[in-house]
Amino acid sequence: MSKPLPNSIYARDVEYLLHAVTNARKHEETGPIVIDRGEGIHVFDDQGNKYVEAMAGLWSVAVGFGEKRLADAAYQQMLKLPYYHSFSSKSNEPAILLAERLVKMSPEKLTKVFFTNSGSEANDTVVKMVWYFNNARGKPGKKTFLARVNGYHGITMASGSLTGLPVNHRDFDLPIIPVKHLTCPHFWRFGLPGETEAEFTDRLAAELEQVILEAGPETIAAFIGEPLMGAGGVLPPPAGYWTKVQEICRKYDILIVADEVINGFGRLGTMFACDYYGIEPDMLVVSKQITSSYQPLAAILFSDEIFQGIADNTAKIGTFGHGFTAGAHPVATAVGNENLDIIEERGLVAHAGEMGEILQRELRSRFADHPLVGEVRGVGLIAAVELSADKATKQRFDPPGKAGAYLFARGHEHGLIIRAIGDQIAFCPPLIITEGEIMDMLDRFARALDETWAFVQAG
């Protein structure tokens, strides 16, 4: 863009605002794209340009943009009770109703809910709750978490430590908690030459058990994982992976934490990804689509066993010394209830399954053989196209992210907002997307992809 006027909204953005996940020096040169409004699966910038929001914001706007029912739910609750806290036995009706609803719709083992404002806060809280629980049950040595390379669990000090992405650690002095990162369960990228998918699963299971035994089972607190990994590149696990992980964790008294911040509330065509993969977690973390991100909200669902251990300890020492000013916020939980009403009334989980079949089929049939595409993958309405410098050898680009960044920019030129995770292009559209809108989204992507291929060939 041309140099903005000194008092323009663009210049003021550059002057005053530090952006998340952004090269700040580059941003000073380019300035922002200012998103002005949204409608359905589309957003519009302040210049009137219309974009297909193929990432639902940040994996999160399930019911689409501009849903009046959610605005009305927030407004009515603000008139009645705009804020209250959950400290010292205080509560509010929307939070109670949402907690009850989450327990009844989630895997059977989960019986209690703790609310936070974001997935990062929730996973940070998971670490503290697990430590508190293990201390309470006389196992204070069980402090180490098991996570995976390329896993994403947030950006606070503890949750950022669980995250297995170098860019989220570098120069932040993370990890700061005891965590061991296991091999990323991405068969296409990390399978050995000649190794079958089943053999890859067995190798990862053997690695998990070996790490536990070498550290000592008495030191391992929990295994945390996204059922389908999101921000690390949209990585479905290999067949049988979660069955073996659970068997090993149960064998050594290791809690299983399912991070469904991205997966939850229909993204894979089931209410939870735990349903899809047959996971029976001790703790389940949800956020994003719980309110379609119209309000900040996250929840930790956990078992009665964990609750009883925590509750007994609060009686022993006098309190559960943890909480957030805006935790269980009445406006956020009211919007969450209305959002789940919409998902249920409109059958959006089943719809996501149907549209997901179309999305996965069309991505593979149209792009799997493209000379720039190494792999197409995903489940339901979440997918990725991985770009490769050489299809046969799966060679990465030098520098990494070169092609992905160019394609990301070309997408904007064609009215498409996607996400480039290095050279992995992610799709995660709102659950309300239609077949016609999927075709339009992929037509735009095809043009950007072809232009990126020309760019790569030109050197």
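Definitions and cut-offs
- Residues numbered from 1 in each chain as written.
- Predicted model: local features only at pLDDT ≥ 70, side-chain atom pairs only at ≥ 80, totals over all residues.
- Heavy atoms only, no water.
- Axes fitted to C-alpha atoms, helices over the stretch in contact; angles between N-to-C directions.
- Helix = DSSP H or I, 4+ residues; strand = E, 2+ residues; numbered from the N terminus.
- Parallel < 35°, antiparallel > 145°, perpendicular 65-115°, else oblique.
- Left-handed = near helix turned anticlockwise from the far one by under 90°.
- Contact = heavy atoms within 4.5 Å.
- Nonpolar A, V, L, I, M, F, W, Y, C, P; charged D, E, K, R; others polar.
- Phe/Tyr/Trp six-rings, centres within 6.5 Å; stacked < 30°, edge-to-face > 60°.
- Buried < 20%, exposed > 50% of the residue type's maximum accessible area, 1.4 Å probe, protein only.
- Lys NZ or Arg CZ within 6 Å of the ring centre and 35° of its normal.

J.: Before we move on, can you summarise the packing of helix 9 (residues 197-215) against helix 10 (residues 241-251) with the specific residues and values?
T.: Contact geometry for helix 9 and helix 10: axes closest at 9 Å, N-to-C directions at 20 degrees. Considering the angle they form, helix 9 stands roughly parallel to helix 10. Crossing geometry of helix 9 relative to helix 10 is assigned as right-handed. Together, Thr 201, Asp 202, Leu 204, Ala 205, Leu 208, Glu 209 and Ile 212 of helix 9 and Tyr 241, Lys 244, Val 245, Ile 248 and Lys 251 of helix 10 make up the contact between the two elements. Class assignment of the residues belonging to the contact of helix 9 with helix 10 gives a composition of seven nonpolar, one polar and four charged.

J.: Please give an account of the packing of helix 15 (residues 402-413) against helix 16 (residues 435-457) that cites residues and values.
T.: Where helix 15 contacts helix 16, the two axes come as close as 9 Å, and the packing angle between them is 135 degrees. As summarised for this structure, helix 15 and helix 16 are arranged oblique, according to the angle between their axes. The way helix 15 lies across helix 16 gives a crossing that is right-handed. Of the residues in helix 16, those in contact with Lys 402, Ala 403, Tyr 406, Leu 407, Arg 410 and Gly 411 of helix 15 are Phe 445, Ala 448, Leu 449, Glu 451, Thr 452, Phe 455 and Val 456.

J.: Now, about unusual backbone geometry: what can you tell me, with residues and values included?
T.: Here the amide bond leading from Leu 174 into Pro 175 is cis, since omega sits at 0 degrees, within 30 degrees of zero. Structurally, Pro 175 is set in the loop between helix 7 (157-162) and strand 6 (179-182). Note the cis peptide between Asp 398 and Pro 399, where omega equals 0 degrees. You can see Pro 399 is positioned in the loop between strand 12 (382-387) and helix 15. Backbone geometry places Trp 59, a non-glycine residue, at a positive phi of 65 degrees. Its identity as a non-glycine residue notwithstanding, Lys 288 has a phi of 45 degrees, on the positive side. Mapped onto the elements of the fold, Lys 288 is located in the loop between strand 9 (283-286) and strand 10 (298-303).

J.: Before we move on, can you summarise the packing of aromatic side chains with the specific residues and values?
T.: Going through the model one piece at a time under the given rule, you end up with eleven aromatic pairs. A centroid spacing of 6.1 Å and a plane angle of 85 degrees characterise the contact between Phe 114 and Phe 320, whose relative ring orientation is edge-to-face. With a gap of 206 residues between them, Phe 114 in strand 4 (residues 110-116) and Phe 320 in the loop between helix 12 (304-317) and helix 13 (330-345) connect regions that are remote in the sequence. Classification of Phe 320 by relative accessible area gives partly exposed; the value is 24%. Counting every residue linked through ring pairs, the aromatic cluster contains Phe 114, Tyr 132 and Phe 320. A cation over a ring is seen here: Arg 37 above Phe 44, with NZ or CZ 3.8 Å from the ring centre.

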